[in-house]
Amino acid sequence: MSTFFITTPIYYINAEPHLGHAYTTMVADAVARAHRLMGDDVFFLTGTDEHGQKVERAARKAGLTTPEFANQVAQKFRDILPELNISNDDFIRTTEPRHYRACQELWRRARDKGHIYKGKYEGWYCTVDEVFVPETQLKDSRCPICGNTVEKISEESYFFRLSAFQQPLLEHYEKHPEFLTPDSRRNEMLSFLRAGLEDLSVSRTSIKWGIPVPDDPAHVMYVWFDALTNYMTAVGFGDITPQAKTQFERYWPADVHLIGKEIVRQHSIYWPAFLLAAGLPLPKRVVSHGWWLMEGAKMSKSVGNVVRPQDYIKHFGLDALRYFVYREMVFGQDADFTDEAFLTRYNADLANDLGNLVSRATTMVHRYCGGVVPAGDAALLEREPEARLASLADSVIKSRASWFESFAISGQLRSVWELIAETNRYIVTREPWAVAKDPARAGELHAALYAAADTVRIVAELIRPFMPGTAERTLRMLGVEPAPQSWVNLKRGDLAPGTRLGETAPLFPRIEQTVEELRKMADDPKPEAPQPPGAPIPPGAPGSPEAPKDPGPQAPKPSGSQTAELSNRISIDDFMKVELRVAKVLAAERVPKSNRLLKLSVDVGTEQRTIVAGIAEAYEPEAIVGRTVVIVFNLKPAKLMGVESNGMVLAASPEGGKPMLVGFSDLPEPGTRVR
Ligand code: MSP
């Protein structure tokens, strides 16, 4: 079994976790999960970087002692991990004794080999980024990273002989082109290396909140010497117990340090130089990603333009957030986080594509095969379009191992979504709802349902690293218990005929509100409005368990008479107040927990609307997609089982029978007025 050790940067605790931090952790999580599924022995590390002047200052500002402050913020970074469903194996804090031990051990080794010496440092220091900025890199006398003013500092300091490592590092880059990706970063670092390296000041006497230098406690270690060492601390470096030694040998060197693009130099030049100086193996890869931007600016606490992951999780669910960040950011490049893009991806990719596919496939097995996976006849499964679907599934399955080598995460998800779209098209082509009407075609029906259900299983397996909750729910809906190493031998056809499906539940209900409406709701959260008395009840709904038990005093009373009394007749003007229009059904799904209600998305010519109709006992959702119906266009909206209905579909409602939709023999355009 191969080992796989992946790390995130350890996060500064002067800010609370935001989406930028969450992104790195979520990417590392997907990679770690994929390696576990492939059977690797994975160690996934994240944590907090707690020393330095900025933390001392922030604590003072908060009126807390530095350790109290550190505990408080570190806890927030720890707490967000389960909220993001992160599968880390360890959480390291640089204030832990194990880390002091490791840093001091690394220092001693580098010092004893003559790579650390005492001198005097004078330079421009940025307290925001905690770096000395070489004079040549200042931008208008300000820090080139954050734009803040820099301070001239002069103090006794230990220096790390970085200059001695120019050649060894160039050789390492040459020998290991994979050491730093993407190539753009590698080229940047190569130019930096070729320009020559200056020795690095690695201690401070002006700071107290840090790790004391061995044998000279007036100095504390420079924050990057301290921080980078965390990667080895967590796997036992500096601990002399036999278990720690075994662990270190097992996992070091790390396979991947995943980082944002602003800390590439520290990870791909300083860190390997420290390790070379101490005679230790170098990490195999440093992989850097781009930034999440808000209106073009890097999302960061100092700018104050951060997205709080929790807000999106609350409104859309965790896996919607996970999917969005993996899919929207082309790995390595910057990406803008916009609510519009989020909502579009949610409705298009998750509600329409994935959600509909899972619901369709499982519902049909329930409906036509009593909830048991049918056997698909091998010969039927080899025809078109089955063969095309199968070959697409095979090629996506085959590429899965390379996904996590290249980190081309967004493209990986695109290929899974192509498979989803193909499966949805396949179902439409095969029309199982029509085939089911003819008992002589049972073989065809079973083959189609098997192909669809087995492909849904493949899709669920493939999205496990990205959306573990959704994937596992889907597998359970298919009656499959998610296996810890299911990628080892993932292949089509492993859904056993005879498997009893679990309960089907919607994954991503469509969101009908606009971004503006959602923002208003977030600013002004109100409990769901109660069902108003006399609210329109869709055809077929009276008496249904979900209909209001007592429609209230204003509810229309059934007349009981087939012939309206003359005195009860209405004028043409009254009738014309009711705007009846032609609409086309674009999508349909069952309303959760309701036997009678279908949620329809209809094209009314000028817009799309959601209408809830009590026709589920008479019509399959799949069967009415594409149908032309008549709706009451100007009805006040009402909520039914928590779903807002914007209009009413007309149907004949025979006494004791099932509703029958009003339709046309010639098809008018959606939006046409009916009178
Ligand atoms: N403590 C150092 C890292 C030491 S690692 C030995 C540090 N911490 S940080 O809190 O500033 O976190 C930086 C990391 O957070 C980035 O490298 C990146 O992984 C993530 N991000 C923070 N803001 C980000 C965006 N706006 N976009 C994407 N990721 C960003 O640097």
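As the structure is a computational prediction, the values presented were derived from the model and not from experiment.

S.K.: Would you mind showing me how to read the overall build of the protein chain here?
M.R.: Looking only at helices and strands, the protein chain features 22 helices and 26 strands. Taken along its principal axes, the extent of the C-alpha atoms in the protein chain is 105 × 60 × 40 Å. Looking at the protein chain as a whole, 52% of its 675 residues are labelled buried. Looking at the protein chain alone, contacts between residues at least 24 apart form 75% of all its contacts between residues at least 6 apart.

S.K.: Please explain the site of the ligand as it appears in this structure.
M.R.: Inspection of the region around the ligand gives 24 residues, with I10, Y12, T24, D49 and W292 positioned closest. A distance of 2.9 Å separates an oxygen atom of the ligand from a polar atom in the backbone of Y12. Here D49 contributes a side-chain N or O atom positioned 2.7 Å from a nitrogen atom of the ligand. Summarising the interface, the protein chains cover 95% of the accessible area of the ligand, which totals 670 Å² for the free molecule. Taken together, the elements giving at least two residues each to the shell around the ligand come down to β1 (3-12), α1 (19-37), α7 (223-228) and α8 (230-233). In terms of residue count, the dominant contributor to the shell around the ligand is β1 (four residues). Taken together, the residues of the shell around the ligand break down into 12 nonpolar, nine polar and three charged.

S.K.: Explain unusual backbone geometry here, please?
M.R.: Residues other than glycine predominantly adopt negative phi, and peptide bonds predominantly adopt the trans conformation. Across the junction of T181 and P182, the peptide omega takes the value 0°, indicating a cis bond. The omega torsion of the bond from W252 to P253 falls at 5°, within 30 degrees of zero and hence cis. Inspection of the secondary structure assignment puts P253 in the loop between α9 (242-251) and β12 (256-260).

S.K.: Is there a simple way to explain the packing of aromatic side chains in this structure?
M.R.: For any pair of aromatic rings, geometry is given as the distance between the ring centres together with the angle between the planes. In the structure shown here, the tally under the stated rule is 37 aromatic pairs. Between F337 and F342 the ring centres are 6.1 Å apart and the planes differ by 40°, which places this aromatic pair in the tilted class. An aromatic cluster of three or more residues is present, and its members are Y23, W292, Y312, F316, F324, F337, F342, Y346 and F508. The side chain of K261 reaches across the aromatic face of W291, ending 4.4 Å from its centre.

S.K.: It is not clear to me how the packing of helix α11 (residues 309-316) against helix α12 (residues 318-328) should be interpreted in this structure. Could you clarify?
M.R.: Between two packed helices, what matters for the description is the angle formed by their axes and the separation of those axes. Between α11 and α12, whose axes approach to 7 Å, the crossing angle comes to 120°. When the axis of α11 is compared with that of α12, the two are oblique. Contact residues: P309, Y312, I313 and F316 in α11; L318, A320 and L321 in α12. Tallied by class, residues from the contact of α11 with α12 come to seven nonpolar, no polar and no charged.

S.K.: Honestly, helix α4 (residues 97-112) in this entry has me stumped. Any pointers?
M.R.: Helical geometry: 3.6 residues make up each α-helical turn, so side chains three or four residues apart lie on a common side. For α4, spanning 16 residues, the distance from its first C-alpha to its last is 22 Å, which sits close to the expected 22 Å at 1.5 Å a residue. Within the sequence span of α4, burial applies to H99, A102, C103, Q104, L106, W107 and A110. G114 sits one or two positions beyond α4 and adopts a positive phi of about 80°.

S.K.: Mind showing me how you'd approach helix α15 (residues 386-406) here?
M.R.: The terminal C-alpha atoms of α15 lie 30 Å apart, and with 21 residues this matches the ideal 30 Å at 1.5 Å per residue to within 8%. Largest kink in α15: about 45°, centred on R400. Considering only its buried residues, α15 is in contact with α1, α14 (378-381), α16 (409-430) and α18 (442-462). Following α15 by one or two positions, F407 has its phi on the positive side, about 60°.

S.K.: I would appreciate a short explanation of the packing of helix α13 (residues 339-369) against helix α20 (residues 515-523) in the present structure.
M.R.: Put simply, α13 and α20 touch, their axes get as near as 10 Å, and they point 105° apart. Taken together, the axes of α13 and α20 lie roughly perpendicular to each other. Residues D339, E340 and L343 of α13 lie in contact with α20, whose contacting residues are V515, L518 and R519.

S.K.: Would you mind showing me how to read the pairing of β12 here?
M.R.: Consecutive side chains along a regular strand alternate between the two faces of the sheet. Counting buried positions over the five residues of β12 gives five, a clear majority of the element. Side chains V256, L258 and G260 of β12 all project onto a buried face; the interleaved residues H257 and I259 project onto the opposite face, where all are buried too. Sheet topology note: the β12/strand β13 (residues 286-289) ladder contains four bridges and is parallel. Counterpart to H257 in the pairing with β13 is V286. At this point the chain moves from β12, through helix α10 (residues 264-278), to the parallel β13, and the crossover so formed is right-handed.

S.K.: Looking at this model, I keep getting lost on the pattern of salt bridges. Mind explaining?
M.R.: Opposite charge on two side chains makes pairing possible when the charged atoms of those side chains draw close. Considering all chains together, one arrives at 41 salt bridges under this definition. Notably, a salt bridge pairs R101 with D239, separated by 3.7 Å at the nearest N-O pair. Placement of the pair is R101 in helix α4 and D239 in the loop between α8 and α9, with a sequence separation of 138 residues. When its relative accessible area of 40% is taken as the criterion, R101 is described as partly exposed. In this structure, the salt-bridge partner of R430 is E386, at a minimum N-O distance of 2.7 Å. In this pair, R430 sits in helix α16 while E386 sits in helix α15, placing the two residues 44 residues apart along the sequence. The exposure class assigned to E386 is buried, which follows from its relative accessible area of 3%. Linked through salt bridges whose partners overlap, the residues forming this network are R327, E328, R345 and D349.

S.K.: Just to check I follow, could you spell out the side chain of E622 for this structure?
M.R.: Tracing the sequence through the fold places E622 in helix α22 (residues 621-624). In this view, E622 contacts R360, M364, R367 and W433; residues no more than four positions away in its chain are not counted.

S.K.: Hey, could you run me through the sheet that holds strand β7 (residues 180-181) in this one?
M.R.: Think of a sheet as strands paired side by side through backbone hydrogen bonds, with each pair either parallel or antiparallel. Here six strands make up an open sheet; going across it, the order is β3-β2-β1-β12-β13-β7 and the pairing parallel. The outermost strands of the open sheet, each flanked by one partner alone, are β3 (90-93) and β7. In terms of strand pairing, β1 meets β12 through two bridges, oriented parallel. By the bridge assignment, I6 is partnered in β12 with V256.

S.K.: So what exactly am I meant to see when it comes to the confidence of the model for the protein chain here?
M.R.: Detailed reading of predicted coordinates is not advised where the pLDDT is low. Taken over all residues, the pLDDT of the protein chain has a mean of 89, while the share at 70 or more is 93%. In the model, residues 526-564 has pLDDT below 50 throughout and makes 44 contacts with residues more than four positions away in sequence or in other chains.

S.K.: What should I look at first to understand the sheet that holds strand β6 (residues 151-160) in this one?
M.R.: Spatially, four strands are ordered β5-β4-β6-β8 in an open sheet, and the strand pairing comes out antiparallel. Either end of the sheet is taken by a strand with one partner, and the two such strands are β5 (131-133) and β8 (200-201). The pairing of strand β4 (residues 116-126) with β6 spans 10 bridges and is classified as antiparallel. Along β6, the bridge assignment pairs Y117 with F159.

Definitions and limits used
Residues numbered from 1 in each chain as written. Predicted model: local features only at pLDDT ≥ 70, side-chain atom pairs only at ≥ 80, totals over all residues. Heavy atoms only, no water. Helix = DSSP H or I, 4+ residues; strand = E, 2+ residues; numbered from the N terminus. Buried < 20%, exposed > 50% of the residue type's maximum accessible area, 1.4 Å probe, protein only. Contact = heavy atoms within 4.5 Å. Near = heavy atom within 4 Å. Polar contact = N/O pair within 3.5 Å; in protein donor to acceptor, adjacent residues only side chain to side chain. Areas by Shrake-Rupley, 256 points an atom, 1.4 Å probe, with all protein chains shown as cover. Nonpolar A, V, L, I, M, F, W, Y, C, P; charged D, E, K, R; others polar. Phe/Tyr/Trp six-rings, centres within 6.5 Å; stacked < 30°, edge-to-face > 60°. Lys NZ or Arg CZ within 6 Å of the ring centre and 35° of its normal. Axes fitted to C-alpha atoms, helices over the stretch in contact; angles between N-to-C directions. Parallel < 35°, antiparallel > 145°, perpendicular 65-115°, else oblique. Expected span 1.5 Å × (residues − 1). Bend = angle between axes of the 7 residues up to and from the residue. Pairing = 2+ DSSP bridges. Right-handed = clockwise from strand over helix to strand, strands pointing away. Salt bridge = Lys/Arg side-chain N within 4 Å of Asp/Glu carboxyl O. pLDDT = per-residue confidence, 0-100.

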